Amino acid sequence: MHTVDANSLRLYRWYYSRIWQLGLGLTIAVVLMLAFIERPSSFSYTSDPRFRPPPWEPPCGLTEGIEIVCLVIFAIDFATKSYLIGWEEFRKCKWLIVYILAVSASVIDWALTLSMYFRRLIRPFFLLQNSSLMKKTLKCIKRTLPEIASVILLLALHLCLFTMIGMLLFAKGEQNGEWEAYFRDLPTSFSSLLVLLTTANNPDVMIPAYSLNRGYSIFFILFSGFGTYFLMNLLTAIVYNQFRGYLLMSVQASILRRRLGVRAAFEVMSCQGWGQDATHSEENVVQQLSDGFIQWEAFRRLFDELDKDRIKEHPPKPEYNSSLLQGLQLLFCHYYVTVVGNAVALANVMCICTILVLDSEKSIAERDDYYMEVINCFFILYYLMEMSLKILAFGWRGYLSYRNNIFDGLLTVCLLVLQITIFATYRLPFPKWNPASRGLMSLWEMVRLVNMLIVVRFLRIIPDIKLMALIASTLVDLVKNLRAFAGILVVIEVDLYLFLYSVMSNSSMKNITVECGSYEQLGYWPNNFDDFASSLVLLYNVMVVNNWQVFMDAYTRYTTQWSKVYFVSWWLTSSVMWVNLFVALILENFIYKWDRSVMCSVADVERTGYETTVQLMFREQIQEPTEEELVTQLHQHPHLHLS
């Protein structure tokens, strides 16, 4: 709720204008990007400490100056929000209270410049508080945690039980490689089975015992079967169900606020339009459109239409007087022209694939791709002709109104420019193929770049296949709707990086081992916490859980056993919680689009991309607020006084 006087409404419109919101988002991005250039700087071409040169360091005061400007903007943002909602609402809003504390603490830390890492830990909060969807996602996680506590407890019990059984089963003895590698003590046994739960060390963890007796495989199969395929999937189902339920409630509350705002506007205009002696009934407002009045239901339907996303319409085709041009227009507007173009693109890709198979064992000096260059030249001329005739048929505006035409045309122009560059640099007819000769690029490099663009251009077939178009539309929509989840993931990554960097900065590489399968033997040196960019890559690798036990083992050896807690916490947060939330939203989005596209044509699938919102995904489950609920909420509004 916010104040509704004239000055507040003007300020409200300015604050939520596209310019201010874009500027605020840019400020948040800048303050987060400072981590890449602050010490330790990420400005080096490699993160491998064996080959990394001294990184570029910013001039003294550059990052501090940028940061104080950002903090001033945050202070203006906070002051504006506080003024709009008023003192009473401000005291109830925990996010704003934490917001002012975060800004104040950052300014104090900036002024003292004694604890630089402290205000770095605060920075991700600015991203968090500026997104209502991120806040809702956090509330969803908070609401989900108690629900999945029973499954996590059962998972912990499962791990502890099999850890003890494993330590008893693989006790110390002669020629017992299983005990020495995986069940030496309680922490090692527990972490080995925890990693097995993610299948990252399977089948390595069972090979020493399995090589002695095939019966030992039953232990590992039972552990993985119940833990990985039952408990972990049950955890996914619970997270999905709770997320869907919370998102539905959030959408229901959003619909209530929308309806309340529309009803408030109707009531305000109605009060201003009535005389002092006019009688008024909330249930039956007698108004006639011919007299300049509108009824509540019609008013609400009007706002429903205005709230819909605008569906892009293609401009009309140009009109030609020539019968020849009319015939060409009719021909190249036909769907089968696109089918033929896709077939030609497929033939081009198959030619490239054939050449790659034939030349896979040859060195660059032994390859002779002269004929490949001639074939590509022919195909590029066809692509240029197809693009030109489509522009003739649809017109410039009509051609560019199709997304697949923009993609196709852009790549065709790039291919044409590259082909002209090849002709200008190496001349025709390429009398001697010499891959080592150099212009701006070698001839082999140019041909390779042309081949890559041709392969990418083959993606033009996606809009013409219904299921592929549906999947592509879902992916595009996820990019728009998953910003909140990605934002929270960035927040946690930044905080975890700063936490571990403060620990690792005082450690040194001692007791280096070259044991098979270790961090050092696998050459994982570029995966480290030496700077912000490499830390993001390392945390991503841990989230994927492939060989994540290697990182956990290395940092345990170079720091303390508590490093395991750090990596396990990140695995639980990212791989268990966030990946499951991603799956939940992907399922909801795809199921919604699939249900809508069952009776749609291929051309209509693209249209759903303009209409898919979180509200529409749950439209069938949403209940419209009743008249009594709206009237009650209006009379309880602290800043709205209706007669």
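Residues numbered from 1 in each chain as written. Predicted model: local features only at pLDDT ≥ 70, side-chain atom pairs only at ≥ 80, totals over all residues. Heavy atoms only, no water.

Draft legend 1. Layout of the overall build of the protein. Secondary structure summary: the protein contains 24 helices and zero strands in total. Looking at the protein as a whole, 41% of its 643 residues are labelled buried. Long-range pairs, those at least 24 residues apart, make up 74% of the contacts in the protein with a sequence separation of at least 6. Of the accessible surface of the protein, which amounts to about 36,200 Å², a share of 65% is contributed by carbon and sulfur atoms. (Helix = DSSP H or I, 4+ residues; strand = E, 2+ residues; numbered from the N terminus. Buried < 20%, exposed > 50% of the residue type's maximum accessible area, 1.4 Å probe, protein only. Contact = heavy atoms within 4.5 Å. Areas by Shrake-Rupley, 256 points an atom, 1.4 Å probe, with all protein chains shown as cover.)

Draft legend 2. Up close: helix α3 (residues 62-92). The end-to-end C-alpha separation of α3 is 38 Å, well short of the 45 Å expected for 31 residues at 1.5 Å each. The axis of α3 is deflected most strongly, by about 115 degrees, at G86. (Expected span 1.5 Å × (residues − 1). Bend = angle between axes of the 7 residues up to and from the residue.)

Draft legend 3. Broad picture of the packing of aromatic side chains. Per the stated rule, a full pass over the model turns up 35 aromatic pairs. Each ring, one from F78 and one from Y99, has its centre 6.1 Å from the other, and the planes form 85 degrees; the classification is edge-to-face. Residue F78 is located in helix α3, and its partner Y99 is located in helix α4 (residues 94-112); the two are separated by 21 residues in the primary sequence. Look at F78 and you get buried, because its relative accessible area is 13%. Residue class for Y99 comes out buried when judged on its relative accessible area of 0%. Taken together through their ring pairs, the aromatic side chains of F74, F78, F90, W95, Y99, F125 and F126 make up a single cluster. (Phe/Tyr/Trp six-rings, centres within 6.5 Å; stacked < 30°, edge-to-face > 60°.)

Draft legend 4. Fine view of the packing of helix α2 (residues 18-37) against α3. Between α2 and α3, the least distance of the axes is 10 Å, while the angle of their chain directions is 145 degrees. When you trace α2 past α3, the crossing you get is left-handed. Residues W20, L24, T27, I28, V30, V31, L34 and I37 of α2 pack against T63, I66, E67, C70, I73, F74, I76 and D77 of α3. Among the residues forming the contact of α2 with α3, the class breakdown is 12 nonpolar, two polar and two charged. (Axes fitted to C-alpha atoms, helices over the stretch in contact; angles between N-to-C directions. Left-handed = near helix turned anticlockwise from the far one by under 90°. Nonpolar A, V, L, I, M, F, W, Y, C, P; charged D, E, K, R; others polar.)

Draft legend 5. How the structure looks around helix α24 (residues 627-635). Restricting attention to buried positions, one finds in α24 the residues L630, V631 and L634. Projected down its long axis, α24 shows its buried positions confined to an angular sector of 95 degrees, all on one face. (Arc of directions from axis to C-beta.)

Draft legend 6. Representation of the pattern of salt bridges within the structure. With the rule as written, the count across this model stands at 14 salt bridges. For R460, the salt bridge is made with D408, and the minimal N-O distance between the two is 3.3 Å. On the criterion of sequence distance, the pair formed by R460 in the loop between α16 (443-457) and α17 (466-481) and D408 in helix α15 (residues 403-426) is long-range, its members being 52 residues apart. Accessibility classification places R460 together with D408 in one group, the buried group. The residue D553 makes a salt bridge to R557 at a minimum N-O spacing of 3.0 Å. (Salt bridge = Lys/Arg side-chain N within 4 Å of Asp/Glu carboxyl O.)

Draft legend 7. Just the nonpolar core, in detail. L193, F220, W548, F567 and W571 are the most contacted members of the largest nonpolar core, which totals 50 residues. Every element with two or more residues in this core is listed here: α6 (132-169), α8 (186-197), α10 (217-273), α19 (532-544), α20 (548-558) and α21 (563-597). Sequence-distant contacts of F220, defined by excluding residues within four places in its chain, comprise F170, E178, F183, L196, V205, M206 and A209. Within the second largest apolar cluster, 25 residues are counted, among which are C70, L84, F90 and L128. (Core = buried A, V, L, I, M, F, W, Y, C linked by side-chain atoms within 4.5 Å.)

Draft legend 8. Structural detail: the packing of α6 against α8. With their axes 9 Å apart at the nearest point, α6 and α8 run at an angle of 125 degrees to one another. By the angle between their axes, α6 is oblique relative to α8. Between α6 and α8 lies a crossing whose hand is right-handed. On the side of α6, the interface is formed by L155, L159, C160, F162, T163 and M167, while α8 contributes L186, S189, F190, L193, L194 and L197. (Parallel < 35°, antiparallel > 145°, perpendicular 65-115°, else oblique.)

Draft legend 9. View of the side chain of E520. Relative to the helices and strands, E520 is located in the loop between α18 (483-504) and α19. Looking at E520, its side chain comes within polar contact range of the side chain of R557, at 3.2 Å. (Polar contact = N/O pair within 3.5 Å; in protein donor to acceptor, adjacent residues only side chain to side chain.)

Draft legend 10. Inspection of the side chain of T27 at higher detail. Tracing the backbone shows T27 in helix α2. Here the side chain of T27 touches G23 through a polar contact of 2.8 Å, landing on its backbone oxygen. With residues up to four places along the chain from it excluded, the contact list for T27 reads C70, I73 and F74.

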